[in-house]
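Listed below are the residues making up each chain.
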Amino acid sequence: MRVNSNTKARTRAAAALTVAALAAGATAGAGPATAQPKAAPAPAAAPAACSAAYRIEQKLSSGTTWRMCWRYDGKAGLVLENISYQPKGEPKQIKVLNSARLGQIHVPYDDGNIEYDDLTGFDFAQGLMNLAPSECPGGTIKSVKVPDSWNEDPNVKGLCTTTRSRGHAYRMQGDTANKVFQAEGKDLLVYTVNQVGWYEYMTEWRFQDDGAITMNVGATGSLSWDDYDAGDGRGWPIGKGASAKSTSHSHNAFWRLDFALDGSTKNKVEQYDSTVAAPVRGQRAPTTKTTRTKVSKELAGDSKNYRWWRMVSATGKNKDGHARSYEIVPGPTTKYPGRSYTKHDLYVTQYNKCELFASHNPGNCGAGAGKSVDKWVNGQALTHPVMWMNIGFHHIARDEDQQPMPVHWQGFSIAPRDVTAMNPLTPAELGWQNGHWQPRG
């Protein structure tokens, strides 16, 4: 929630988030961290060659190496670019994304009196917070020069890169009790904290050693004490009795992903839908049929039971000869029907360098182009698809939200599908068991 119009004028203090809050709330799991080399303080914009100051490179203990560049945008905040990874057994890096960034955080209040577009309208980027070393255990805190900063010092120690364990990556005992194959999964964690009014948004990116990428936004900080007015007439009582009620509201978070699988932007989009039919005479169980739809034009898509999408490489194949792709894995969501741009879960648009924010896009994209992502879905052929994911959360406050407010997370993942011929974490002893194998005598 917001304080008032004077929010921008006050000096930003260091974030007081605890390591325990970060670890307890993380969608992908948290655990021990391992150190990585310190990087020099960096200015705001990354040069095209991505010098060392803007480079993030981490070889995880399981053998996978992630590489990417970073820069800091005056509205979107942290932007990650040229993202690739190299699992064990692969001769070179496999590029996944040209860029990954937030596309908007839209916050409408239930009483209809106000709504915010935090990235384009409420100085999200300018609210970058300093991080204490304890918030980035075993990692590196990079210095960021915040564009258009209204602080006396625009340099903020605000970008953490570290590693985390996420728990079991796999466990397999097989047919005998002779040996158990199991391993802990490792993640590269990249995150920032941005303060907007009373809220502090934790924007985290988790790059897993199996090739998956998880994107989360966690809202924490504080409830606004001067907003206990039950303006919606239905707010939740906070404190003793029922006289003070916190106004309910939504957080609709958008992400913008520009894929470049195997270095090419000519990716293909596919939608899969399955139907389950009751058993007929002679069948022992229901049957399930899955159909593929090639998405050749821009799409406004809705998640539903037995539906999923994937982005397919136009040029790359794995060692089995299968086209590399990434499957879209939406997280839990409460879809907000109040605005046209929040009525769908996933948008796929044809690339346009002007189309950067899902709502109240500040750029002039041409006559009749519109200012929101739903207006950009107008039948163009997809030769360079850009994916937008919308994940909503309806926040009805509770007593436990004070004080401070526990992190509530929203996000989604993209998972490799046929990027490698086998699980990139496969132990060497099992490497021969690819495809239809038979036990060795």
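Per chain, the residues get numbers from 1 upward, laid out in the order the sequence is written. With pLDDT at 70 or above as the cut-off, local features in this predicted model cover only qualifying residues; side-chain atom pairs require 80 or more to be listed or tallied, and sums for whole chains, interfaces and linings still use all residues. As a rule here, side-chain values come from all non-hydrogen atoms in the structure, and water together with hydrogens is ignored.

A few points about the overall build of the protein chain
Step number 1: Segments assigned H or I by DSSP are reported as helices when at least four residues long, segments assigned E as strands when at least two residues long, and all are numbered from the N terminus. The number of helices and strands found in the protein chain is 3 helices and 21 strands.
Step number 2: The buried label goes to any residue with under 20% of its type's maximum accessible area, the exposed label to any with over 50%, and the partly exposed label to all in between, with areas taken from a 1.4 Å probe on protein chains only. The buried share of the protein chain, taken over its 441 residues, is 51%.
Step number 3: It only takes one pair of heavy atoms within 4.5 Å for two residues to be counted as in contact. Excluding contacts between residues fewer than 6 apart, the proportion of contacts in the protein chain whose partners are at least 24 apart in sequence is 65%.
Step number 4: For every accessible area listed, the method is Shrake-Rupley and the probe measures 1.4 Å; residues are considered covered only by the protein chains on display. With an accessible surface of roughly 20,000 Å², the protein chain has 51% of that area assigned to carbon and sulfur atoms.

What to know about the sheet that holds strand β17 (residues 307–317)
Step number 1: Paired strands are those between which DSSP finds at least two bridges. Read from one edge of the open sheet, 10 strands run β6-β7-β8-β9-β10-β21-β18-β17-β14-β15, paired in antiparallel fashion. Whereas interior strands pair on both sides, the edge strands pair on one side only; in this sheet they are β6 (140–145) and β15 (287–295). Ignoring which end each strand starts from, the neighbouring axes of this sheet average 25° apart.
Step number 2: Direction of pairing for strand β18 (residues 323–330) relative to strand β21 (residues 405–417): antiparallel, over a ladder of 6 bridges. Bridge pairing in β21 links Ile328 to Ile414. Axes here refer to lines fitted to C-alpha atoms; in helices the fit is confined to the stretch in contact. Angles between the N-to-C directions go from 0 to 180 degrees.

Describing the environment of Gln93
Step number 1: Relative to the elements of secondary structure, Gln93 occurs in the loop between β3 (77–86) and β4 (94–108).
Step number 2: Residue classification places Gln93 among the partly exposed positions, given a relative accessible area of 21%.
Step number 3: As for Gln93 and Asp262, which are separated by 169 residues in sequence, their C-alpha atoms are 8.7 Å apart.
Step number 4: Leaving out residues up to four positions away in the same chain, Gln93 has contacts with Thr65, Arg67, Ser84, Tyr85 and Gln86.
Step number 5: Here the side chain of Gln93 touches Ser84 through a polar contact of 2.7 Å, side chain to side chain. As used in this structure description, the phrase polar contact means that two N or O atoms lie within 3.5 Å; if the pair is within protein, one of them must be able to donate a hydrogen and the other to accept it, and residues adjacent in sequence are counted only when both atoms belong to side chains.

Some words on the nonpolar core
In globular proteins that are soluble, nonpolar side chains generally tend to be buried together.
Step number 1: Here, nonpolar core means buried Ala, Val, Leu, Ile, Met, Phe, Trp, Tyr and Cys residues that are tied together by side-chain atoms lying within 4.5 Å of each other. In this structure, Trp66, Leu80, Phe207, Leu257, Phe259, Phe412 and Ile414 are the most contacted members of the largest nonpolar core, which totals 72 residues.
Step number 2: The element contributing the most residues to this core is β4, with 7 residues.
Step number 3: In this structure, Met129, Cys160, Leu189 and Met202 belong to the second largest nonpolar core, which totals 10 residues.

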